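Each chain is listed here by its residues.
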Amino acid sequence: MRPRIGYKKLAAVGVAAVVGVASTIALTSGSASASPVFGYSGYSYGTDVESGLANSGPQVISKFGCTTDATKHDKNDLSTANVNNQAIARSVKTDTHAFNNKGGTGVTSTATAADIRVGNLLTLTGVNTTTTARYYKGQLSYTGNTTFAGVKIGAISVPSLLKPKWNTKIAVPGLGYIVLNRVGGVKTASGIYSYAQAVVLHATVKNQYIPQGVDVAVLKTRAEISKPATALVIGDAFGTKATADKLVVSDATSLQTTCQGTEGKTVRVAVGELNIPKVAYVGGVYTTKNGAIGANKSYINFTSHVAGVKVGSLSIGAIESSASAWKTKDNKAGVSSSSTIASIRVGGKSYAVPTGENKTLNIPGVARLTFNQVMRQKRYISVNALVIDVYSLNTKVVVGHSAAGVVS
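Residues numbered from 1 in each chain as written. Predicted model: local features only at pLDDT ≥ 70, side-chain atom pairs only at ≥ 80, totals over all residues. Heavy atoms only, no water.

Some words on the nonpolar core
Consideration 1: Core analysis: the biggest nonpolar cluster contains 32 residues, and Ile-116, Leu-124, Leu-175, Leu-201, Val-218 and Leu-219 have the highest contact counts within it.
Consideration 2: When contributions to this core are tallied by element, the ones reaching two or more residues are β6 (73-83), β7 (86-101), β8 (104-118), β9 (122-136), β11 (150-153), β14 (176-187), β15 (191-203) and β16 (215-226).
Consideration 3: If you look at the next biggest cluster of nonpolar residues, it comprises 29 residues, including Val-271, Val-282, Ile-341 and Ile-344. (Core = buried A, V, L, I, M, F, W, Y, C linked by side-chain atoms within 4.5 Å. Buried < 20%, exposed > 50% of the residue type's maximum accessible area, 1.4 Å probe, protein only. Helix = DSSP H or I, 4+ residues; strand = E, 2+ residues; numbered from the N terminus.)

Set out below in structure tokens:
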């Protein structure tokens, strides 16, 4: 059984993960072709904090969305990953690419760092982690591994840990414990995904670097490939995302994506309350996805749920959105979306929530609000329940995003 990390406590650093990100895709075919297609997808993060810490959400991002293009490739180099204002990983490089060659078709995801440090408690140098998900001659398989040039716990070097076995657990005085070379994979009727993480830090005691009770995954990779199907299902959902000008302040929280669905099961990802520094306070967030791909029909549904958001004097009540898409073997298809917002208050004044798509409300000196922001493409729909343009911060906060589509 693969190890589990509670969603409320997970903070991922140096992520090079491979799953679908529909909000960035180009719908590459959309034709009536009945030829089976493979699905490739990927993203890379420098940091991904999902526990309410400062610098919440993914940072230092490279990604490509769910695609049928086996030459897709993206990377991000020479970055520092921070958690709780501590430089945990330095010179982070992430890379994810699809492939189709004599060894099969699939995705490889790699993340490296010159060093990973938690003060004087832990030092890891020359870190390299990678995973591959592959489809070859009708069979699905995966690999994953992490190696280190140096491992030091406190002041003691531990050469026996340079090539650790999968899921090696080590005590770290003053921090708690770590898990090195965390690797796993899940095979379904629709495809396979795999993951590898260089190190997972479990802060079980009080320390000055990582808040007690928080888990941090450092250099996390994930790879996904779908089996050939009549259509791929694509989409994503997240709770919040904040940008200032073109700079990402906090990327997608509670992110879910897909390229092959969930075999009809509902998958839920949740995080506790979080703080986007100098921008917003966000209540609990969770997202869901449910869908499947097959010979007769492919379908997907995403939902996003945010308990509430506070930006300065602006308070927004519960926010929800959903997006769905489907396609049958006889080329019938459809998409739909919805969103709701419970309440809007500024100080002691309440505002009515407009109905309909792409409605706006200007609150002088505070923010411009856009409700039920919908974007449609052929067999694809995206909805943002709320977009907040904060005047004083020159910052945009997207709340309650869901998107869904099919590609064939």
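A word on the pattern of salt bridges
Consideration 1: If you walk through the whole model with that rule in mind, you get five salt bridges.
Consideration 2: For Asp-115, the salt bridge identified is with Arg-90, shortest N-O distance 3.0 Å. With Asp-115 in strand β8 and Arg-90 in strand β7, the pair connects residues that are 25 residues apart, well separated along the chain.
Consideration 3: As a salt-bridge pair, Arg-376 and Glu-357 come within 2.7 Å of each other at their nearest N and O atoms. With a gap of 19 residues between them, Arg-376 in strand β32 (residues 367-377) and Glu-357 in the loop between β30 (349-351) and β31 (359-363) connect regions that are remote in the sequence.
Consideration 4: The structure contains a network of salt bridges with shared partners spanning Arg-90, Asp-115 and Arg-117. (Salt bridge = Lys/Arg side-chain N within 4 Å of Asp/Glu carboxyl O.)

Comments concerning the sheet that holds strand β21 (residues 274-276)
The pairing of strands in a sheet comes from backbone hydrogen bonds and takes either a parallel or an antiparallel form.
Consideration 1: Pairing within the open sheet is antiparallel, and its six strands lie in the order β21-β22-β25-β26-β29-β30. Edge positions in the sheet fall to β21 and β30, since each of these pairs with one other strand and no more. Going across the sheet, the axis of each strand differs from the next one's by a mean of 20°, ignoring polarity.
Consideration 2: Here strand β22 (residues 280-282) pairs with strand β25 (residues 309-311) via two bridges, running antiparallel. Each residue of the ladder has a partner; that of Tyr-281, found in β25, is Lys-310. (Pairing = 2+ DSSP bridges. Axes fitted to C-alpha atoms, helices over the stretch in contact; angles between N-to-C directions.)

Overview of the pairing of strand β23 (residues 285-292)
Consideration 1: With seven of eight residues buried, β23 is to be regarded as a mostly interior element.
Consideration 2: Examined bridge by bridge, strand β20 (residues 267-271) and β23 share five bridges and lie antiparallel to one another. Counterpart to Arg-268 in the pairing with β23 is Thr-288.
Consideration 3: As defined by bridge partners, β23 adjoins strand β24 (residues 297-306) across eight bridges and the pair is classed as antiparallel. By the bridge assignment, Lys-289 is partnered in β24 with Phe-302.
Consideration 4: Between β23 and β24, which pair antiparallel in sequence order, lie four residues.

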